[in-house]
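# A closer look at the structure
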Amino acid sequence: MAGPSGLNPAYIANFPGPGWPWLEEWTALWASKQESQKRLCGRGGSGLEPAQPPLIDCRLKDGDCPADRGCLGKLTLQSQDAAGSLTKQSRLIYGRRGRISPMPVHSYGHPLISRRTAVQAGAVGLLGLGSNHLSALREAVAATGTATTPPRSVIYIFLSGGLGQHDSFDLKPQAPDNIRGEFQPIVTRTPGIEICEHLPRLAARSHLWSLVRSLTHPSNDHSLAHHIMMTGRSTAPPTFNANKPMPGDFPSIAAIAGDLTTRRNNLPPAVVLPERLIHRTGRVIPGQFAGEMGPRRDPWFIDASPFNSETYGAYPEYEFHHARGAERSKSLRFQAPNLSLPEALTQGRLASRLDLLKGIDQQRAQLEAAATTEKFDRHRQSAISLLTDQQVRRAFDVTSASAEDLDRYGRNSFGWSLLMARRLVEAGVNLVQVNLGNNEAWDTHGNNFPNLRDFLFPPTDRSLSALLDDLDASGQLDQTLIVMAGEFGRTPKVFGLPQHYKLPGRDHWGAVQTVWLAGGGTAGGRVIGSSDKIGGYPAADPQTPENLAATIYSALGLPGEIAWQDDLGRPHHIYYAEPIQGLT
């Protein structure tokens, strides 16, 4: 029988000594086993139930652990299947930065919890609280847990379609003509860093940003690559469907940030703008939603741009068609959400209605035992905040910004989107994903060089530089990580498709792309990794979408052991790699 600590005394003998972290961590694990953690191994339907406390063998022989992985021991969990047969499952446990971490980390791995979590979980049972109160405790741990850096905000700029590394931030001037392309490199403020000649404003601000020239993943498919880069997972989920989002998709980085970061002033913690990513055929791109977390945890989408299946880019100034060049659609209008109160509902009457709601809430206390009630209440609080908070309303009213701001950011959808992102961060939103271009706007199969030069680079260079200037001047840049990436890079070779385009372009290329980062504690003026001499594959320090996602989560202050909980209370970890090293 298990002793008071929750572990069989015979098992405790396997620990090297009293007070070793293993004893505290796994004692807490067993002691805090609630109904939400009954299935410790595998996903639902596995038929495995805990039979005994975990047996931890810390007397491994040399060679039992892979080299250089910091192996701490082997966990053996004795379980009983549906037929009553006793089974054992073993796994090696590794150490990472002084804490216990599974390797590899799976969303269905064993929960790794702190003593603080164990105490709170135990209090749930002792005080007779229901499982609907667990989320508040989990958030308290997330807010005050073991994050090594203070939480920062994140602006994730997503270039749907895929920006070519050769034509932007990783030019290859010594490569053959059919690889280096038409653009010339220019020097930046940072010695040794050169970028495209058509990004002069960013070149002048290179001391504020850094590059990762070696991010790689295995897909050249638009849909899967979108899913990979927006979720930070390099593999496809079992039920992945390129034609539509699926309930089993991995959750997006924005959805995880919305679920696990601490709200400020009742604002949505994660926002995506100015539109959902929808293909010109009407196919919704997978990877931008909550997926297996459930639709109620989708990030907030600010639909300020209407769906446009014909043209691309930063309308109205830089609207274009990939084959036909410059175009103008009269129907396109950047429409920020209308946050005005109904005409008959003044601020005073709104306050009275809120008082009435409080009275009703007091009479339905028993109904609020349902886990969904708290989620509903949050959405109501957010809606009220959007209606009453002047700073929030100002954040959305970007088309009416001062003439000076509009001139600096650009009077187009790119400028308005990044201005809105800056204001939302100032108002307290933790993560803002900005889809800088609709419908795979950066997918330059043909007319690559004129379309980048005339339509895509000018508004990007202007608006992104204005964002850097404002955050730097206000002192917020160090507290705001900016990341810019697409779903993949583009092929080294330039090729022609004369049946579709007058001029050549580049195809999809997941093997390597350049990611641009600024702020959020990064040093600026650095280059991490490199691509080979033709820009086809990483040559040094390869990074993955998992590393990029970990960098974002770390900036948000999320500790390495944090996990989101599914509807059955099972933990799903979010870190699948270390943050990118060398940026700080």
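Please refer to the structure placed before this passage.
Description of the structure in this document. (Residues numbered from 1 in each chain as written. Predicted model: local features only at pLDDT ≥ 70, side-chain atom pairs only at ≥ 80, totals over all residues. Heavy atoms only, no water.)

### As for the sheet that holds strand S14 (residues 325-326)
Judged by pairing direction, the sheet is antiparallel, and its three strands sit side by side in the order S12-S13-S14 without closing on themselves. The open sheet has two edge strands, strand S12 (312-314) and S14, and neither has a second partner. Pairing between strand S13 (residues 318-321) and S14: two bridges, direction antiparallel. Among the inter-strand pairings, Phe320 is bridged to a residue of S14, identified as Ala326. (Pairing = 2+ DSSP bridges. Helix = DSSP H or I, 4+ residues; strand = E, 2+ residues; numbered from the N terminus.)

### Notes on the sheet that holds strand S15 (residues 431-435)
Read across the sheet, eight strands follow the order S11-S10-S15-S6-S16-S19-S9-S20 without closing on themselves; strand pairing throughout is mixed. Every interior strand has two partners, whereas the edge strands, strand S11 (300-301) and strand S20 (527-528), have only one. Both strand S6 (residues 153-159) and S15 contribute to a ladder of five bridges, which runs parallel. In the sheet register, Ile157 faces S15, and the bridge partner there is Val434. Strand contacts of helix H7 (residues 222-231): S6, strand S9 (209-215), S15, strand S16 (480-486) and strand S19 (513-519), with the helix running at about 165 degrees to S6, the strand carrying the most contacts. (Contact = heavy atoms within 4.5 Å. Axes fitted to C-alpha atoms, helices over the stretch in contact; angles between N-to-C directions.)

### Re the pattern of salt bridges
Scanning the entire structure with this criterion turns up 18 salt bridges. A salt bridge links Arg296 to Asp567; the shortest N-O distance between them is 2.7 Å. Of the two residues, Arg296 sits in the loop between strand S10 (270-273) and S11 while Asp567 sits in the loop between strand S23 (563-565) and strand S24 (571-573), which places them 271 residues apart along the sequence. According to the relative accessible area criterion, Asp567 is exposed, its value standing at 59%. Each member of the salt-bridge network shares a partner with another, and the members are Asp405, Arg408, Arg422, Glu426 and Asp470. (Salt bridge = Lys/Arg side-chain N within 4 Å of Asp/Glu carboxyl O. Buried < 20%, exposed > 50% of the residue type's maximum accessible area, 1.4 Å probe, protein only.)

### Some remarks on the nonpolar core
Judged by nonpolar contacts, the single largest core of 66 residues is most densely connected at Leu424, Ile482 and Trp516. When residues of this core are assigned to their parent elements, the largest contribution, 10 residues, is made by helix H14 (residues 448-474). Ignoring sequence-local partners within four residues, the contact set of Leu424 consists of Val271, Leu273, Ile302, Ala395, Phe396, Val429 and Val432. One finds Ala254, Phe301, Leu481 and Ala485 within the second-largest nonpolar core, a separate group that totals 42 residues. (Core = buried A, V, L, I, M, F, W, Y, C linked by side-chain atoms within 4.5 Å.)

### A look at unusual backbone geometry
Note the cis peptide between Leu273 and Pro274, where omega equals -5 degrees. Here Pro274 lies in the loop between S10 and S11. Cis geometry marks the peptide bond from Tyr315 to Pro316, where omega comes out at -5 degrees. Tracing the backbone shows Pro316 in the loop between S12 and S13. For Glu440, which is not glycine, the phi torsion reads 60 degrees and is therefore positive.

### Examining helix H13 (residues 413-427)
The end-to-end C-alpha distance of H13 is 21 Å, a good match for the 21 Å that 15 residues give at a rise of 1.5 Å each. Positive backbone phi, at 115 degrees, marks Gly428, one or two positions downstream of H13. (Expected span 1.5 Å × (residues − 1).)

### As for empty space enclosed by the protein
By rolling a water-sized probe across the atoms, one finds the places where empty space is left. Counted according to the given criterion, the structure contains seven cavities of 30 Å³ or more. If you add up the space inside the second largest cavity, you get close to 110 Å³. Lining the second largest cavity we find 18 residues, and of these Glu275, Gly313, Tyr315, Ser413 and Asn438 sit closest to its centre. Secondary-structure elements contributing two or more residues to the lining of the second largest cavity are S12 and H13. (1 Å grid on protein atoms, 1.4 Å probe; cavity = no way out; pocket = protein on both sides within 12 Å on 5 of 7 lines; lining within 4 Å. Points joined across faces, edges and corners; volume = space filled by probe spheres on them.)

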